[in-house]
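Inside the fold
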Amino acid sequence: KTKTTFFSNFFQTVGLRVRSALTCKTYQKAISLSTRARQFKTSGEIVNLMSVDSQKIGDWIGFFPFGIASLIQVVGSLAMLFYILSWSMCFFILLF
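Everything in this summary refers to the structure shown in the same document. (Residues numbered from 1 in each chain as written. Predicted model: local features only at pLDDT ≥ 70, side-chain atom pairs only at ≥ 80, totals over all residues. Heavy atoms only, no water.)

Right, let's get into the environment of Leu78. Summarising the element assignment, Leu78 is placed in helix α2 (residues 43–85). A relative accessible area of 36% places Leu78 in the partly exposed class. Along the chain, Leu78 and Arg19 lie 59 residues apart, while their C-alpha atoms are 36 Å from each other. Once you skip the residues sitting within four places of it in the chain, Leu78 turns out to touch Met89 and Ile93. (Helix = DSSP H or I, 4+ residues; strand = E, 2+ residues; numbered from the N terminus. Buried < 20%, exposed > 50% of the residue type's maximum accessible area, 1.4 Å probe, protein only. Contact = heavy atoms within 4.5 Å.)

What follows is about α2. The end-to-end C-alpha distance of α2, which contains 43 residues, comes to 61 Å, matching closely the 63 Å that a straight helix rising 1.5 Å per residue would cover. Bending of α2 peaks at approximately 45° at the position of Phe63, with proline Pro65 no more than four residues after it. Taken together, the buried positions of α2 are Val47, Ser54, Gly58, Ile61, Gly62 and Pro65. (Expected span 1.5 Å × (residues − 1). Bend = angle between axes of the 7 residues up to and from the residue.)

What follows concerns the packing of α2 against helix α3 (residues 88–95). For any two helices packed against each other, one specifies the crossing angle of their axes together with the interaxial distance. Two elements in contact, α2 and α3, have axes separated by 7 Å at closest approach and are oriented at 125°. The angle between α2 and α3 places the two elements in the oblique class. Only Ser88, Met89, Cys90 and Ile93 of α3 make contact with α2, whose side of the interface consists of Leu78, Leu81, Phe82 and Leu85. Class assignment of the residues belonging to the contact of α2 with α3 gives a composition of 7 nonpolar, 1 polar and no charged. (Axes fitted to C-alpha atoms, helices over the stretch in contact; angles between N-to-C directions. Parallel < 35°, antiparallel > 145°, perpendicular 65-115°, else oblique. Nonpolar A, V, L, I, M, F, W, Y, C, P; charged D, E, K, R; others polar.)

On the surface, a nonpolar cluster with roughly 1,300 Å² of combined accessible area is contributed by Val74, Leu78, Leu81, Tyr83, Ile84, Leu85, Phe91, Phe92, Ile93, Leu95 and Phe96. Those elements that place two or more of their residues in the nonpolar patch are α2 and α3. In terms of residues, the nonpolar patch owes the most to one element, α2, which gives 6 residues. In this structure, Tyr83 sits in helix α2. Accessibility expressed as a relative area gives 74% for Tyr83, which makes it exposed. (Patch = residues over 30% accessible without salt bridge, like charges linked within 9 Å, V, L, I, M, F, W, Y side chains within 5 Å. Areas by Shrake-Rupley, 256 points an atom, 1.4 Å probe, with all protein chains shown as cover. Salt bridge = Lys/Arg side-chain N within 4 Å of Asp/Glu carboxyl O.)

As structure tokens, this is what we get:
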């Protein structure tokens, strides 16, 4: 349990740092926009759209280990089923 908590906290911290860095760069870019670029959208709209994207990237990094763990569990379960049931397991999977 301690390792799981450590890795979960580690990846959430990394995701938070990435999100913060992306948001910082977004604000810097929005400040340096030319008047021609601001004709179509205001800098507030651009920052809002880009900060939502950086939020999604930060969240994805935070939950990345859970996706890997799920994939490992599925592959491990299928390997055990194949060991127990042999080729009949493949027929069962083809039904679904």
